[in-house]
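# Coordinate analysis (summary)
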Amino acid sequence: MEGFNVMRTARILAHSSSLSIRNTFAAIPWWLWLAQVLLTSLFSMAFFAFVADFAGNPEVTVAYVVLGNSIQSIAMVTLYSIANLPAIEKHVGTMPVLISSPSGLFTIFTGMALFQILAGFLTVIVSLGYAVFIFGLDLSAMNYEVMAAIVIITAFSMAGLGMMIGAIGIYLRTGMILASVVSYIGLVLCGVNFPVSYLPTWLQPVSYSLPLTYAVEAARAAAEGATLTEVFPEIGMMLLLGGAMLILSWFMLRGFERMVRRNGSYEAF
Amino acid sequence: MNIRVTYAAFRQQMTHFLTDPQWIIPSLIAPFMFTIVTLMIFKDVDGPIVLQAVLGGGVLGMWGNTLYSSGWSISYDRYNGTLEPLMVSPTNLMDVVTGRSIWNTLIGLSNAVLVFIFAELMFQTGVGLSDPLQFFFILVITLASLASIGLIFSAFFVLTRASSVLMSSLEFPIYVVSGAMFPISILPGWAIPISYILAPSWGVDAMKIAAIDGYTGIGPGILGSLGIMIGLTVLYIIMAKWFFRKIERNVRNHGTIGRF
Amino acid sequence: MVEELTKVFPGKRKRPDKRAVDGISFHVKRGEIFGLLGPNGAGKTTTIRMLSTMLIPTSGSAMVLGQDVTKDEVRIRRRINLVSGGERGLYYRLTGRQNLRFFSELYGIDPHIRDERIDRLLELVDLKESADLRVEDYSRGMKQRIHIARALVNDPEVLFLDEPTLGLDPEIARDIRALIRRMADQGTTILLTTHYMFEAEELCDRIAIISNGKLVAQGNALELKDSVNNATVIHVETRDDPFEAVDVLEDTEGVIHVNYDRVPGRFITRIQVEQSSDLLGDVNEVMRGLRVLRIGYDEPTLEDTYITLVSANEH
């Protein structure tokens, strides 16, 4: 095992991220991809906005829902795409090649994840735009720097969760199914559309072990002008959870590589 | 229409589904989550509105399934290399897709029932249908109209390479404009005509009139809505036929089915 | 029966139109195996797709079983079938038998005949034991054999085979060829494309050589060899690599084509020369300094003929 080589790792990261971009745009033109991102985030937000409007629940206003969904949009893009990466490689049949390369799965998938993180940023900006200009969300009191910090850290923690789900997906034949379930779970569990307190008490601990819950909470505070120190507990929890999940996924991917090499189960994909 | 081909395609789709039934989850997950969220937001509201949400959830479930499984119907053959033998056979592609769509529709119905039962258990809305037979009849017609949209999609998706993207782009807009979870009247003005050209919107309307006391509906009443839905469904089937003929022409002229 | 058959694919985005098949004519007799031979991209697949009604010709006409491929496609489709090389083209989640049954239904085969025929076909392609396994668990050779069985569900009078042995290991390819032979013996007319020379020579009653969308020659293997009787072959076997000599020979007047190959222990160079020229001396001269094992005139093989025809067409 040679030592950690920064340049080499950086090169692999750059290559695998550009590969991921090319993969995305090989099948579809870029503008269609963009149209999908724009339409999907608009209509999923619109759905909940109209439901909130119709329900007239004083706690769950249209403003409440659209802000929550803006943050959730990162999960829809970043979490789903990253969690799905290994499943796609398996589907295409490139997994044995990746495992036999000297780069290590973790580095390769991190590189591929970078593009998805950027896509997540784009989506959240667009979603906030919808929230303000179409659904009348008032962000005049918002602390922009704090919101930006929250978005970046959210993307990081979503990537951590995504990598972990992706690593589990390698073991399972049905990684894509798991990825799609996890990316929607935030809608219910993480205070996106209604307060976590509405959930049955036994479910609430699950909510608080997901980084998105803290992200939404912090974003709501930042929209009302909270400072960095005020949202520090939430940001800290996100960093902690995201970091822990990344480390865990690293061990899982390593362990998986070793397992495959030991029993030669490449055909399992 | 060739009944034997359609039945064979139905059985083929069934076998495909039963060998890997867990693949229903991706088409079910969004409607499931959306229904739970809606019911949560309706927490303090009770009575007919909640019932509406439960019914709406069922419709979302049917829609998600129609979209994904019918959308993939022929694209799968292309991906799998089975389109060639299908084309070389004397069969009409549309008969094959129809058979598959009928199976998908049945799965859509079970999706709807699943969402429905789940919502009932969790939120105990206590559904009491005033006229179950009539309700069931409307439900079946609504399913047929969804299946006919599925036919159009499966043809259309073959013509465009970016079908998977289109599919995921179409899921939520229909959730919004079909009026499954909230009345169409609260939509912005420009969206309402879109609702009106979608057959399921009328099906949802007729179902709600049949199931919910005091629901007034869009306007034409239960028979009127039903009639409009049937008319639109027939129109969809004609469109699908036209699309399939176009596909066949494209394939035979250009050698490829669709480029984007 | 094919007359002046042409297929032009319109160019995409300012790229020029592609003339995949350019005015070819040939006639296949009932019950014979007819081979379309040619390099990749010569137009073999496009031709077979037009004849199997999958593509509409741009101009010219083609009749299959007395019917026009452009207008009477449904009538033709009942009586033909097609196998494309490669593993794709089956429903992987269905068993072999389920695949055959599904495709039988597409042809509206009477259920009684259908089940009996499926059993017979499974026997023919030697897949009786694996009939109820899912196709995804089949090996490559098994998939290829079930493909052929699939193409026989409607008991076709004409069978189109597009590179039926592509990518198969030699043993399986031999089985497939035996199977093709057996079908022809039972009276099926077979039109097959290949770029394996020996396959064409072994199987086909008659062969048409296609290059750049044009038909350059047709006939049986002997006739084809005779058709280029102005060429003869100088066969040289050397111990050393003759690459420099090959370069020189390629530029020598009277040489049509030089082809050289490494086989265990030696190099075989085949130089096609114009019959009138006497180049044996020149070849000897050029090969001087190499350890020559054998040198002399040889009869052209089908491969030599093919190379001559195709390279003449390309220039």
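On to the overall build of chain B. Along the backbone of chain B there are 10 helices and zero strands. Walking chain B from its N terminus toward its C terminus, one meets helices and strands in the order α-α-α-α-α-α-α-α-α-α. A compact globule built from 260 residues would reach a C-alpha radius of gyration of about 18 Å, and chain B, at 19 Å, matches this within 12%. When its C-alpha atoms are laid out on the principal axes, chain B stretches across 60 × 35 × 35 Å. Within chain B, residue pairs in contact and separated by at least 24 positions form 80% of the contacts whose partners lie at least 6 positions apart.

This paragraph deals with the overall build of chain C. Looking only at helices and strands, chain C has 11 helices and 14 strands in total. Projected onto the principal axes, the alpha-carbon positions of chain C cover approximately 70 × 45 × 40 Å. Looking at the 315 residues of chain C, the share that counts as buried comes to 43%.

To continue, consider the pairing of strand E7 (residues 158-162) of chain C. Residue and element names in this part refer to chain C. Counting buried residues in E7 gives four out of five residues, a clear majority hidden from the surface. Where strand E6 (residues 80-84) meets E7, five bridges bridge the pair, whose relative direction is parallel. Each bridged residue has a counterpart across the sheet, and for Ser-84 the counterpart in E7 is Asp-162. In the classification by handedness, the crossover that spans E7, the intervening helix H6 (residues 170-185) and the parallel strand E8 (residues 189-194) is right-handed.

Here we come to the interface of chain A and chain B. Interface extent is often summarised as the accessible area lost during association of the parts. Tallying the contact residues gives 33 residues for chain A and 30 residues for chain B. The set of elements that each furnish at least two residues to the side of chain A that touches chain B consists of helix H2 (30-55) and helix H7 (175-189) of chain A. For the side of chain A that touches chain B, the element with the highest residue contribution is H2 of chain A, accounting for 17 residues.

All names here are of chain C. Strand order across the open sheet formed by six strands is E6-E7-E8-E3-E9-E10, with mixed pairing between neighbours. Here the strands that pair on one side only, and so sit at the sheet edges, are E6 and strand E10 (214-219). If you compare each strand with its neighbour and ignore which way they point, the axes differ by 15 degrees on average. The strands touched by helix H5 (residues 140-151) within the sheet are E6 and E7, with E6 carrying the most contacts at an inclination of about 165 degrees. This element, H6, spans strand E3 (33-37), E7 and E8 of the sheet and lies at about 155 degrees to E8.

Turning our eyes to something else, we now look at the nonpolar core. Of all hydrophobic cores here, the largest spans 226 residues; its most connected members are Val-51, Ile-150 and Ala-219 of chain A together with Ile-209 of chain C. Once you skip the residues sitting within four places of it in the chain, Ala-219 of chain A turns out to touch Leu-67, Ile-71, Met-147 and Ile-150 of chain A. With 13 residues, the next largest nonpolar core counts Ala-231, Leu-249, Val-273 and Met-287 of chain C among its residues.

Between chain C and chain B, the residue contacts involve 27 residues of the former and 23 residues of the latter. For the side of chain C that touches chain B, the secondary-structure elements that each account for two or more residues are helix H2 (73-79), E6 and helix H3 (96-106) of chain C. Among the elements that take part in the side of chain C that touches chain B, H3 of chain C stands out by supplying five residues, more than any other. Split into classes, the residues belonging to the side of chain C that touches chain B amount to 13 nonpolar, seven polar and seven charged.

Attention now goes to the pairing of E6 of chain C. Summarising burial for E6 of chain C: five of the five residues are buried, a large majority. A two-sided burial pattern is seen for E6 of chain C, the buried positions comprising Ile-80, Leu-82 and Ser-84 of chain C on one face and Asn-81 and Val-83 of chain C on the other.

Next up on the list: the sheet that holds strand E13 (residues 266-274) of chain C. All names here are of chain C. Taken together, the four strands give an open sheet; going across it, the order is E12-E13-E11-E14, and neighbouring strands pair in antiparallel fashion. A single partner strand is all that each edge strand has here, and the edge strands are strand E12 (255-263) and strand E14 (292-298). Averaged over all pairs of adjacent strands, the angle between strand axes in this sheet comes to 15 degrees, irrespective of strand direction. Looking at chain direction, E12 and E13 are connected through eight bridges and run antiparallel. Residue pairing across strands places Val-263 opposite Arg-266, the latter belonging to E13. Seen against the sheet, helix H9 (residues 243-250) touches E12 and E13 and runs at an angle of roughly 165 degrees to E12.

If a residue is not glycine, its phi is most likely negative; likewise, a peptide bond is most likely trans. Residues and elements named next belong to chain C. For Asp-126, which is not glycine, the phi dihedral falls at a positive 60 degrees. Checked against the element boundaries, Asp-126 lands in the loop between helix H4 (111-124) and H5. Phi is positive for Asn-212, which is not a glycine, with a value near 50 degrees. Among the secondary structure elements, Asn-212 is positioned in the loop between strand E9 (206-211) and E10. By the C-beta count within 10 Å, which is 17 here, Asn-212 ends up partly exposed.

Here the focus is the domain arrangement of chain C. Segmentation of chain C into domains returns domain 1 (2-225) and domain 2 (229-299). Put simply, the middle of domain 1 of chain C and the middle of domain 2 of chain C, counted by C-alpha atoms, are 38 Å apart.

The end-to-end C-alpha separation of helix H9 (residues 199-211) of chain B is 19 Å, in line with the 18 Å expected for 13 residues at 1.5 Å each. Buried residues dominate H9 of chain B, accounting for 13 of its 13 residues.

As a further point, take the confidence of the model for chain B. Of the residues in chain B, 91% reach a pLDDT of 70 or more, and the chain-wide mean stands at 81. Per-element mean pLDDT across chain B ranges from 77 in helix H7 (residues 163-177) of chain B up to 88 in helix H8 (residues 191-197) of chain B.

Residues and elements named next belong to chain B. Where helix H2 (residues 25-41) contacts helix H3 (residues 48-80), the axes come no closer than 8 Å and their chain directions differ by 165 degrees. As judged from the angle between their axes, H2 and H3 are roughly antiparallel. Along this stretch, H2 crosses H3, giving a crossing that reads as right-handed. For the pair H2 and H3, the contacting residues are Pro-26, Ser-27, Leu-28, Ala-30, Pro-31, Phe-34, Thr-35, Thr-38 and Leu-39 in the first and Val-50, Ala-53, Gly-57, Leu-60, Gly-61, Gly-64, Asn-65, Tyr-68 and Ser-69 in the second.

Another aspect to go through is the environment of Ile-150 of chain A. Residues and elements named next belong to chain A. Secondary-structure assignment places Ile-150 in helix H6 (residues 144-171). Residues Ile-150 and Leu-122 lie 28 residues apart in sequence; the distance between their C-alpha atoms is 14 Å. Beyond its immediate stretch of four places on either side in the chain, Ile-150 contacts Ala-215, Ala-218, Ala-219, Ala-222, Val-231 and Ile-235.

Let us now look at helix H5 (residues 93-123) of chain B. Counted at 1.5 Å a residue, the expected span for H5 of chain B with its 31 residues is 45 Å, and the 44 Å between its end C-alpha atoms agrees. Just beyond H5 of chain B, the residue with positive phi is Gln-124 of chain B, at close to 40 degrees.

Right, let's get into the environment of Ser-311 of chain C. Tracing the chain through its elements places Ser-311 of chain C in helix H11 (residues 302-314). With 267 residues separating them along the chain, Ser-311 of chain C and Lys-44 of chain C place their C-alpha atoms 17 Å apart.

It is worth spelling out the confidence of the model for chain C at this point. Low pLDDT means the predicted coordinates in that region are not meant to be read closely. Across chain C, the average pLDDT comes to 82, with 92% of residues at 70 or higher. Confidence metrics for the complex model read pTM 0.76 and ipTM 0.83.

What follows is about the packing of H2 of chain A against helix H5 (residues 105-133) of chain A. Two quantities define a packed helix pair, namely the angle between the axes and the distance from one axis to the other. All names here are of chain A. Remark: H2 packs on H5, axes separated minimally by 10 Å, with the N-to-C direction vectors making an angle of 45 degrees. On the basis of their axis angle, the class for H2 and H5 is oblique. The interaxial crossing formed by H2 with H5 has right-handed handedness. Along its contact with H2, which presents Val-37, Leu-38, Ser-41, Leu-42 and Met-45, the element H5 presents Ala-119, Thr-123, Val-126, Ser-127, Tyr-130 and Ala-131. Residues of the contact of H2 with H5, tallied by class, amount to eight nonpolar, three polar and no charged.

Criteria and cut-off values
Residues numbered from 1 in each chain as written. Chains lettered and ligands numbered in written order. Predicted model: local features only at pLDDT ≥ 70, side-chain atom pairs only at ≥ 80, totals over all residues. Helix = DSSP H or I, 4+ residues; strand = E, 2+ residues; numbered from the N terminus. Rg over C-alpha atoms; globule rule 2.2 N^0.38 Å. Contact = placed C-beta atoms within 7 Å. Buried ≥ 20, exposed ≤ 12 C-beta atoms within 10 Å, placed from the backbone. Pairing = 2+ DSSP bridges. Right-handed = clockwise from strand over helix to strand, strands pointing away. Axes fitted to C-alpha atoms, helices over the stretch in contact; angles between N-to-C directions. Core = buried A, V, L, I, M, F, W, Y, C linked by C-beta atoms within 7 Å. Nonpolar A, V, L, I, M, F, W, Y, C, P; charged D, E, K, R; others polar. Domains from an automatic or database assignment. Expected span 1.5 Å × (residues − 1). pLDDT = per-residue confidence, 0-100. Parallel < 35°, antiparallel > 145°, perpendicular 65-115°, else oblique. Left-handed = near helix turned anticlockwise from the far one by under 90°.

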